[in-house]
Amino acid sequence: MKLYRSRRGIVTEDAGRFYALTAPSWDDLVTREDLHEYLRRFIREAKPSDGVPQDLLPPIGSQEVWAAGVTYYRSRNARMEESKGAGGGDFYDRVYQATRPELFFKATPHRVVGPDGKVAIRDDSAWSVPEPELTLFVTPGGKIAGYTIGNDMSSRDIEGENPLYLPQAKVYDRSCALGPCLLIADEPLSAATEIAVEIRRGGGAVFSGATTLKEMKRKPGELVEYLYRNNRFPHGCFLMTGTGVVPPDSFTLKLGDEIRITIPPIGTLVNVVG
Ligand code: DO4
Ligand code: MG
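Residues numbered from 1 in each chain as written. Chains lettered and ligands numbered in written order. Predicted model: local features only at pLDDT ≥ 70, side-chain atom pairs only at ≥ 80, totals over all residues. Heavy atoms only, no water.

Q: Requested: an account of the site of ligand 1, with residues and values cited.
A: Around ligand 1 there are 16 residues in total, and V70, S75, E102, K170 and T243 lie nearest to it. Within the contact set of ligand 1, an oxygen atom lies 3.0 Å away from a side-chain nitrogen or oxygen of E133. Within the contact set of ligand 1, an oxygen atom lies 3.0 Å away from a side-chain nitrogen or oxygen of D152. Bound to the protein, ligand 1 loses 100% of the 280 Å² it would expose on its own. The cavity that encloses ligand 1 is the largest cavity. Among the elements of the structure, β5 (64-69), α3 (73-82), β6 (102-107) and α6 (166-170) are those that each provide at least two residues to the shell around ligand 1. (Near = heavy atom within 4 Å. Polar contact = N/O pair within 3.5 Å; in protein donor to acceptor, adjacent residues only side chain to side chain. Areas by Shrake-Rupley, 256 points an atom, 1.4 Å probe, with all protein chains shown as cover. 1 Å grid on protein atoms, 1.4 Å probe; cavity = no way out; pocket = protein on both sides within 12 Å on 5 of 7 lines; lining within 4 Å. Sits in = over half its atoms within 2 Å of the grid points. Helix = DSSP H or I, 4+ residues; strand = E, 2+ residues; numbered from the N terminus.)

What follows is the structure, given as structure tokens:
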């Protein structure tokens, strides 16, 4: 089942049919620990509504967005390369091997854009990339209740200059995109699930790449377990699981680029740099 947040309300999709929900609020709905069963029950009794939801909003209410880093070998290598001059390379290899994962704060809801929203590159960065990431929705009780597509926009030159600049490289206005929906699932996604990205400029693709969840070093549950240690999330939270696709070092995003991220069971998240 998919859950969409739109300007006209909340809509759920099941087997190609759409149902309008009259839930009091997005937060009240998604923080239910029985969300999957609740939606199943609702769909059994509801009448389908007309047409696909329009004017989509990011599938977020009051949740914080957190992110994991260096969860793919490709990301470890990219960080080691970009931070060579700063002598920080060893940290990335160590965190890739360590039991404790890298987790960092990514965004508050006002920094998040939704489907077709404009993501930003920093004015003081000359090397920016999108990071296509499977993103977990985790309930207040720590259960992975859903999945969405995330773009962890990143300034590689700022992060590469000094690892202590990570929050500036990662957290700024419109640095995070989520959507187009929340896939509500009570089973983990298959390891064969693909995460693909295409960046289009002037009508053609300037970069495309893909990975699968099989390449991820950590298990989603392991990331959640660390995030929830001594940390409460009364509204639940989003957790981006890291990138396994990094464009070549010669690539930087430009204004007007279109970023298309596809994770087949969820859909495609499209954003333009603006
Ligand atoms: O270590 C810096 C950030 C890593 C990251 O965002 C990723 O691997 O996706
Ligand atoms: Mg990332």
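Q: How would you explain α3 if you had to name every residue and give the values?
A: For α3, the complete set of buried residues consists of S75, R76, A78, R79 and E82. The buried side chains of α3 occupy one side of the element, clustering within an arc of 165 degrees when seen end-on. (Buried < 20%, exposed > 50% of the residue type's maximum accessible area, 1.4 Å probe, protein only. Arc of directions from axis to C-beta.)

Q: Pulling in residues and values, what's your account of the layout of surface pockets?
A: Counted as a void, the largest pocket has a volume near 220 Å³. Residue lining of the largest pocket: 13 residues in total, with L189, A191, L213, K219 and P220 positioned closest to the centre. For the lining of the largest pocket, a count of residues per class yields nine nonpolar, one polar and three charged. A total of four residues in the lining of the second largest pocket trace back to one element, the largest contributor, which is helix α4 (residues 89-97). Classifying every residue of the lining of the second largest pocket by side-chain character gives six nonpolar, no polar and two charged. (Points joined across faces, edges and corners; volume = space filled by probe spheres on them. Nonpolar A, V, L, I, M, F, W, Y, C, P; charged D, E, K, R; others polar.)

On their own, these measurements won't tell you what the molecule is for.
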